[in-house]
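Tertiary structure, described
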Amino acid sequence: MYKIMKKEILNPSVVLMDVYAPDIAKTCKAGQFIVLRIDEVGERIPLTIADFFPEEGLVRIVTQTVGYTSRKLMNMEQGDSFLDFIGPLGQESEIENYGTVLCVCGGLGIAPMYPIARELKKAGNKVITVVGARNKELLIWEDVLKEVSNEIYVTTDDGSYGRKGLVTDVSKEILEREKIDHAWAIGPVIMMKFTALLTKEYNVPTIVSMNPIMVDGTGMCGACRLEVDGKTKFACVDGPEFDGHKVNWDLSMRRMNIYKAKEEIALEKAIKGGF
Amino acid sequence: MALNLNRVDMPNRDPDARNKDFIEVAEGYNVDMAAEEASRCLNCKKPLCRSGCPVNIDIPRFINQVTKKDYDAAYYTLKEFSLLPAVCGRVCPQEHQCEGACILNPKGAAIGIGRLERYVADKFRESGKEEVLQKAPDTGKKVAVLGGGPAGLACAYDLAKLGHSVTIYEALHTLGGVLMYGIPEFRLPKNIVNKEIENIEKLGVKIELNSVAGRVNTVEKLMKEDGFDAVFIGTGAGLPYFLNIPGENLNEVYSANEFLTRVNLMKAYKFPEYDTPVFVGEKVAVVGAGNVAMDAARTAKRLGAKDVYIVYRRSKDEVPARLEELEHAEEEGVKLQLLTSPIEVIGDENGHVTALRCVSYELGEPDEGGRRKPVEIPNSEFDMPMDMVVMAIGQGPNPLLLETTKGLELNKRGNIVADDDGKTSIEGVFAGGDIVTGAATVILAMGAGKKTAQSIHDYLNNK
Ligand SMILES: Cc1cc2nc3c(=O)[nH]c(=O)nc-3n(C[C@H](O)[C@H](O)[C@H](O)COP(=O)(O)OP(=O)(O)OC[C@H]3O[C@@H](n4cnc5c(N)ncnc54)[C@H](O)[C@@H]3O)c2cc1C
Ligand code: SF4
Ligand code: FES
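About the cut-offs
- Residues numbered from 1 in each chain as written.
- Chains lettered and ligands numbered in written order.
- Predicted model: local features only at pLDDT ≥ 70, side-chain atom pairs only at ≥ 80, totals over all residues.
- Heavy atoms only, no water.
- Helix = DSSP H or I, 4+ residues; strand = E, 2+ residues; numbered from the N terminus.
- Rg over C-alpha atoms; globule rule 2.2 N^0.38 Å.
- Buried < 20%, exposed > 50% of the residue type's maximum accessible area, 1.4 Å probe, protein only.
- Contact = heavy atoms within 4.5 Å.
- Lys, Arg positive; Asp, Glu negative; His and termini not counted.
- Charge placed at Lys NZ, Arg CZ, Asp CG, Glu CD.
- Near = heavy atom within 4 Å.
- Polar contact = N/O pair within 3.5 Å; in protein donor to acceptor, adjacent residues only side chain to side chain.
- Nonpolar A, V, L, I, M, F, W, Y, C, P; charged D, E, K, R; others polar.
- Buried area = accessible area lost by both parts, 1.4 Å probe.
- Salt bridge = Lys/Arg side-chain N within 4 Å of Asp/Glu carboxyl O.
- Axes fitted to C-alpha atoms, helices over the stretch in contact; angles between N-to-C directions.
- Parallel < 35°, antiparallel > 145°, perpendicular 65-115°, else oblique.
- Left-handed = near helix turned anticlockwise from the far one by under 90°.

Remarks on the overall build of chain B
- Across its full length, chain B holds 18 helices and 16 strands.
- In terms of C-alpha radius of gyration, chain B reaches 23 Å, essentially the compact-globule figure of 23 Å for 463 residues.
- Each of the three principal axes of chain B carries a C-alpha extent, and together these read 65 × 65 × 50 Å.
- In chain B, which comprises 463 residues, the proportion classed as buried is 58%.
- For chain B, restricting intrachain contacts to residue pairs at least 6 apart in sequence, the fraction spanning at least 24 positions comes to 69%.
- Across chain B, the centroid of the 55 positively charged side chains sits 5 Å from that of the 67 negatively charged ones.

Set out below in structure tokens:
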């Protein structure tokens, strides 16, 4: 059992949890993920690690309610435990001193961006962060990211905070303005796709962090397949980070929808269960 | 006494009822059936059956004990050689092993050794008796077992009995390996596997689940920092192969591993009571014809698929699955599309599978192994309308742990190179099961685990 030592509601649909998993906290690196299962009937879901504290034995996860399991997770309290918590999984981010790095993140990608930006800064990079949210209420961690960024820009779709518009608008201005040596994009698939298309115009190598449907997270099932440069890869072992200019985005978007029909049944179950 | 050539059949549930649920298909012998079948055994002086058994079980001895109704003794005879008799009685390819070698086999009347094995093991388990577990005094030596499938379990069990302190590190949230995530409930009820796991716990083996070796720890760390004197690697053949044909990443194309894991390990057949969903089409093609393919096909049928096809390159004679699985699949309405090989999965604009494009084959000259080679018939392309495809064409070694183990010699296919005693290229590191042989059988994996336990014991004693 893996105990939730701290729970913090970051906004109405995003929750932060520090989970006691000392072996993982000791060995994990920025860019890696965990798989968790809430209870005996639970499904295994992957979550990118948002931070880790080796001394305290804690692994931080930040989740957004998207489907049934994330709603169920939202309902768990400090002191409750996950039945299974597996990691660290996947490859770590390739951190080096690239020069100037553009870190673009949005929605559920904001939290996992943090440890990567931190390590990039530590390695000597100038870190320019662009954070996107639908509106002010949904924006999280601006202050946290600020600490590890040389510059930070916030956009909201509705203009309720920061710049009105999309992360790609601001990113374009930055790319026009100065030489960017490397970029990271983490967030909804559609956001990563358009960021990668943009950086391609400027020939800036761009890493994206894929979060497809998974089961085991160890390379055993192939649920997490995606195509990179025309070749099939398993996101859980070959990734989760890939060259954003080579990902087959349309395929990845389609594969997110495999269980659409089942989600409605699960949602009904969630409503009956009161969450 | 005259030869009795009438094999006693084992009753199975009605195909039309059983292909709708996950309750076990085979019902097993009753006491009279077992007695009659056992009485047919000739108790040969030079028992051929034994030489056909990969772990050399003293078959005439246990059968003789059944005839004497000394079932407990029969059980302990089996246990001397095998950790998992209730499992092996169900899943071993007996027709190629003990029963294939039985002196009565040429007459079509081999003793039902697997059925008797199953009977004896079930009877003991159902009696509720506690198994007598003997354990040697503590040796103070520590062994790490990576992977909790049949190979790892057998190795851990024997090492613990020999007095060593054993820890199993398993990547998944349960022990058992393929027995839990691959082989379906209707063929191998999970409570049987759980019972065996309980015995291992009782021996004091420490179990670390959710522990992916190569990620959270490495062989080097276990030996240098955590004080293990030896390591056994039994991580199996978990990496699913695909055909690398166009359309293979369409939404409704599964690896058999994913499909079976969702259903067996995650219990998707009980969705929405269980949270894990699984997709099942109306028309399902399962590519391949091994045990894995049969399991996937029969599972799809049970989950409501109307038409399920086994798509296989060769003919029925070459089907590698256990004979019983093939028979059961056909009885349950699974259709065979033989001498056929897919070249493309066709999908619509939204990424949904609509057909499997195939070519026809015919059998040509025999290859080195004597199997007639399938040869493609020119211009034979045709489409089979499908809305789901399961790839069951084999599994390879998962490189995750191997990549992080410096100095570990692998062969061309990525399997660990180990000698008969399980020794690898690294001192103190042993391996066995599918990770060494490539995807094989439960009995071979279990046998390798057992044999390697002895060799690890010798190594520790001489160290
Ligand atoms: C669907 C299916 C049906 C089959 N049917 C039959 C049959 O009827 N008869 C028969 O004899 N055989 C059958 N087999 C084959 C048989 O199950 C295998 O040969 C046998 O299980 C191999 O045992 P093993 O211990 O070597 O590996 P596995 O059973 O594969 O166990 C390996 C274990 O190691 C774990 N592991 C992997 N990597 C790591 C890691 N890095 N760290 C920690 N743990 C790890 C895995 O999670 C797994 O639990 C079937 C296989 C499948 C897939
Ligand atoms: S070969 Fe057949 S008849 Fe002879 S001992 Fe073995 S099972 Fe009995
Ligand atoms: S999640 Fe199963 S192989 Fe990646």
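On we go from here.
Side note on the site of ligand 1
Residues and elements named next belong to chain B.
- Close to ligand 1 lie 34 residues; Val91, Ala151, Glu170, Arg187 and Asp434 are nearest.
- Contact between ligand 1 and Ala151: an oxygen atom at 2.8 Å from a main-chain N or O atom of the residue.
- Within the side chain of Glu170, one N or O atom sits 2.6 Å away from an oxygen atom of ligand 1.
- When residues of the shell around ligand 1 are traced back to their parent elements, those giving at least two are helix 9 (150-161), helix 14 (291-302) and helix 18 (442-462).
- It is helix 14 that contributes the most residues to the shell around ligand 1, three residues altogether.
- Partitioning the shell around ligand 1 into residue classes produces 16 nonpolar, 13 polar and five charged.

Digging into the interface of chain A and chain B
- Taken together, the contact pairs 47 residues of chain A with 39 residues of chain B.
- Approximately 3500 Å² of surface area, both sides summed, lies buried where chain A meets chain B, with 54% of it carried by carbon and sulfur atoms.
- When the buried area of chain A at its contact with chain B is split by residue, A:Met220, A:Arg225 and A:Tyr259 rank highest and sum to 20% of it.
- Taken together, the links from chain A to chain B amount to one salt bridge.

Considering the pattern of salt bridges
All names here are of chain B.
- Applying the stated criterion to the full structure yields 56 salt bridges over all chains.
- Here Arg118 ties to Asp122 by a salt bridge, and the two come within 3.8 Å at their closest N and O atoms. Residue Arg118 and its partner Asp122 are located together in helix 8 (residues 113-127), separated by four residues, close to a single helical turn.
- When salt bridges with common partners are traced through the structure, they connect Arg18, Arg187, Asp295, Arg298, Arg302, Arg322, Glu324, Glu325, Glu331 and Glu332 into a single cluster.

With respect to the packing of helix 13 (residues 256-265) of chain B against helix 14 of chain B
Residue and element names in this part refer to chain B.
- One way to put it is that helix 13 packs onto helix 14 with a least axis distance of 10 Å and a crossing angle of 50°. With respect to each other, helix 13 and helix 14 are oriented oblique. Here helix 13 runs over helix 14; the crossing is left-handed. In this structure, helix 13 uses Ala256, Phe259, Leu260 and Val263 to contact helix 14, whose residues at the interface are Val292, Asp295, Ala296, Thr299 and Ala300.
- A breakdown of the residues in the contact of helix 13 with helix 14 according to their chemical character gives seven nonpolar, one polar and one charged.

Let's talk about the side chain of B:Lys79
Residue and element names in this part refer to chain B.
- Residue position: Lys79 is located in helix 5 (residues 71-81).
- Side-chain polar atoms of Lys79 contact the backbone oxygen of Leu83, separated by 3.0 Å.
- If we ignore the near neighbours within four places in the chain, the residues touching Lys79 are Pro85, Glu131, Tyr157, Glu196, Asn199 and Lys450.

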